[in-house]
Amino acid sequence: MERFRNVLLLPLAERKFCRECQQLLLREEWGEHMGHQVAADVSVAQLQQPSQLLYPLENKKSNAQYLFAERSCRFLLELIRTLGFRRVLSVGTPRFHELIRLQASKDQGFCLKSLLLDIDFRYSQFYTDEEFCHYNMFNHHFFGGEAAREVCREFLQQDGGQGVIVVTDPPFGGLVEPLAFTLKKLKSMWTMEPEDSTKELPIFWIFPYFFESRILQFFPSFCMLDYQVDYDNHTLYKHGKTGRKQSPVRIFTNILPKNIILPAEEGYRLCSICQRYVSSENRHCEICNSCTSKDGRRWNHCFLCKKCVKPSWIHCSSCNRCALVSHSCGSTGDGCFVCGDVGHKHRNCPNQLTNRETTQVRKKLPKKKSNKMKRGTFARKSKLQLQTKKEEKTKEEKMHTEQKVS
């Protein structure tokens, strides 16, 4: 943060950011970054929005950074303020964190605070230790040690733990189980007294809708909202698309859905029976007694399966279930991939060779020579043949010359 303050004091023409090193530059460091791609004339607005300067991380499983679009950020901000929250623990949501801080700097009456927990240590140059903690959400690890952990605990327990909500946007390639473990750990940090353990820490978990069953295994009190979250730097997860191209990202929360009003201008409406806001194509099924669509399209009820299914699915009499027209009959999609038994998964299949057995079998198999090896051998032989021919030609020319002299 000291680097940030020093750069902020510099005139506009001297504020520089190295895009290759992803670092704010002081005057004495300019020479070290000669030849690098350097952004000059960095404004105060850019410094307040570091996600616009930093390149997003791209590891899909551990730290993929898909940054909220302006639409989703604004919706979350207004919703949280409407619900009466005063503090936001932003876990892996840097753009939402900076929007809250930007609004607070513009409006004196804005009373929402945010603490960012993120794996991307580059944000440490823009925020103080009370505003940012270097954090791994998959194992609940604070890189700053006990001091950073205490900052998070104090933030959660401020005002007796009232008025705080956790907003998290994990990488979609991450497993649900460790993320659920982390949220439960954050809840234990929030709990001040043993009798508070039954209380719910308000959470917005942003994740694709097809993980709903997994999330509900760990948090049965959660429900999925119909609101489609979109991202700036993701080619598919965009707002305004229709059919199967709609964004699959949703908000899972333990807040009563009837208290969460979705924007009517985007087509969301209140279902008076379900007592929650749903998308325009999500129709109430009288047989299922709920608005059943998950992906934004209108689902159809199958009387044989006794549930609503996607519009692209039909009932297959051979499989006795609904599936795509192009599906392969007899494949349920459940159970073991090796033998097809639904009683176990492929890791526990008795018909599958162990890693050790597989290695032993591979050792016994004859090794095949690669084309690369053959090409290399051929090249060496050709070179040797050319060299031999050249030597023979030189020898013949020498003998011919000696005969002429004699």
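Residues numbered from 1 in each chain as written. Predicted model: local features only at pLDDT ≥ 70, side-chain atom pairs only at ≥ 80, totals over all residues. Heavy atoms only, no water.

1. Section: the sheet that holds strand S2 (residues 23–25)
Strand pairs in the sheet, formed through backbone hydrogen bonds, run parallel or antiparallel to each other.
Move 1: Read across the sheet, three strands follow the order S2-S1-S3 without closing on themselves; strand pairing throughout is antiparallel. One side of each edge strand has no neighbouring strand; the edge strands of this open sheet are S2 and strand S3 (38–39).
Move 2: Bridging between strand S1 (residues 16–18) and S2 involves three bridges; their strand directions are antiparallel. Bridge assignment links cysteine 18 to a residue of S2, and that residue is glutamine 23. (Pairing = 2+ DSSP bridges. Helix = DSSP H or I, 4+ residues; strand = E, 2+ residues; numbered from the N terminus.)

2. Focus on the nonpolar core
Move 1: In this structure, Leu89, Phe96, Leu117, Phe204 and Trp205 are the most contacted members of the largest nonpolar core, which totals 64 residues.
Move 2: If sequence neighbours within four positions are ignored, tryptophan 205 has contacts with Thr168, Pro170, Val176, Leu179, Ala180, Leu183, Ile215, Phe219, Phe222, Arg250, Ile251 and Phe252.
Move 3: Counting 14 residues, the second largest nonpolar core, distinct from the first, contains Val7, Val42, Leu53 and Phe126. (Core = buried A, V, L, I, M, F, W, Y, C linked by side-chain atoms within 4.5 Å. Buried < 20%, exposed > 50% of the residue type's maximum accessible area, 1.4 Å probe, protein only. Contact = heavy atoms within 4.5 Å.)

3. Observations regarding the side chain of asparagine 136
Move 1: With respect to the secondary-structure elements, asparagine 136 resides in strand S6 (residues 132–136).
Move 2: Among the polar contacts made by the side chain of asparagine 136, one reaches the side chain of asparagine 139 at a distance of 3.5 Å.
Move 3: In contact with asparagine 136, other than residues within four places in its own chain, are Ile119, His141 and Phe143. (Polar contact = N/O pair within 3.5 Å; in protein donor to acceptor, adjacent residues only side chain to side chain.)

4. Some details on empty space enclosed by the protein
One water molecule sets the probe size; rolling that probe over the atoms shows where empty space is left.
Move 1: Under the counting rule described, the total for this entry stands at three cavities of 30 Å³ or more.
Move 2: Size it by volume and the largest cavity reaches roughly 50 Å³.
Move 3: Val91, Met137, Thr168, Pro170, Leu179, Thr182, Leu183 and Trp205 together form the lining of the largest cavity.
Move 4: In terms of residues, the lining of the largest cavity owes the most to one element, helix H6 (residues 176–190), which gives three residues.
Move 5: Of the residues contributing to the lining of the largest cavity, the split by class is six nonpolar, two polar and no charged.
Move 6: Volume-wise, the second largest cavity comes out at about 40 Å³.
Move 7: Along the lines of polarity and charge, the residues of the lining of the second largest cavity split into no nonpolar, five polar and three charged. (1 Å grid on protein atoms, 1.4 Å probe; cavity = no way out; pocket = protein on both sides within 12 Å on 5 of 7 lines; lining within 4 Å. Points joined across faces, edges and corners; volume = space filled by probe spheres on them. Nonpolar A, V, L, I, M, F, W, Y, C, P; charged D, E, K, R; others polar.)

5. Topic: helix H5 (residues 145–157)
Move 1: Taking 1.5 Å per residue as the helical rise, H5 with its 13 residues ought to reach 18 Å, and the 19 Å between its terminal C-alpha atoms agrees with that figure.
Move 2: For H5, the full list of buried residues reads Ala148, Val151, Cys152, Phe155 and Leu156. Buried residues in H5, looked at end-on, bunch into an arc of 130 degrees, giving them a common side. Exposed residues on H5 whose side chains face more than 90 degrees from its buried face are Glu146, Ala147 and Glu154.
Move 3: In this fold, the buried residues of H5 make contact with strand S4 (87–91), strand S5 (113–118), S6, strand S7 (141–142), strand S8 (164–168) and H6. (Expected span 1.5 Å × (residues − 1). Arc of directions from axis to C-beta.)

6. Comments concerning the confidence of the model for the chain
Move 1: Residues with a pLDDT of 70 or more make up 76% of the chain, whose mean pLDDT is 83.
Move 2: pLDDT under 50 marks residues 370–379. Its contacts with residues more than four places away, or in other chains, come to one contact. (pLDDT = per-residue confidence, 0-100.)

7. Let's talk about the packing of H5 against H6
Move 1: The geometry of H5 relative to H6 is characterised by a closest axis approach of 8 Å and an angle of 70 degrees between their N-to-C directions. Relative to H6, the element H5 lies roughly perpendicular. H6 is crossed by H5, and the crossing has right-handed handedness. For the pair H5 and H6, the contacting residues are Arg149, Cys152, Arg153, Leu156 and Gln157 in the first and Leu186, Met189 and Trp190 in the second.
Move 2: For the contact of H5 with H6, a count of residues per class yields five nonpolar, one polar and two charged. (Axes fitted to C-alpha atoms, helices over the stretch in contact; angles between N-to-C directions. Parallel < 35°, antiparallel > 145°, perpendicular 65-115°, else oblique. Left-handed = near helix turned anticlockwise from the far one by under 90°.)

8. So, the sheet that holds strand S9 (residues 203–208)
Move 1: The eight strands lie next to each other as S7-S6-S5-S4-S8-S9-S11-S10, forming an open sheet whose pairing is mixed. This sheet does not close on itself; its edge strands, each paired only once, are S7 and strand S10 (223–224).
Move 2: Pairing of S8 with S9 involves three bridges; the strand directions are parallel. Bridging from a neighbouring strand, valine 167 pairs with phenylalanine 204 of S9.
Move 3: Sheet strands in contact with helix H4 (residues 94–106) are S4, S5 and S8, and its direction is about 155 degrees off that of S5.
Move 4: Sitting on the sheet, H6 touches S4, S5, S6, S7, S8 and S9, and the angle it makes with S9 is about 170 degrees.

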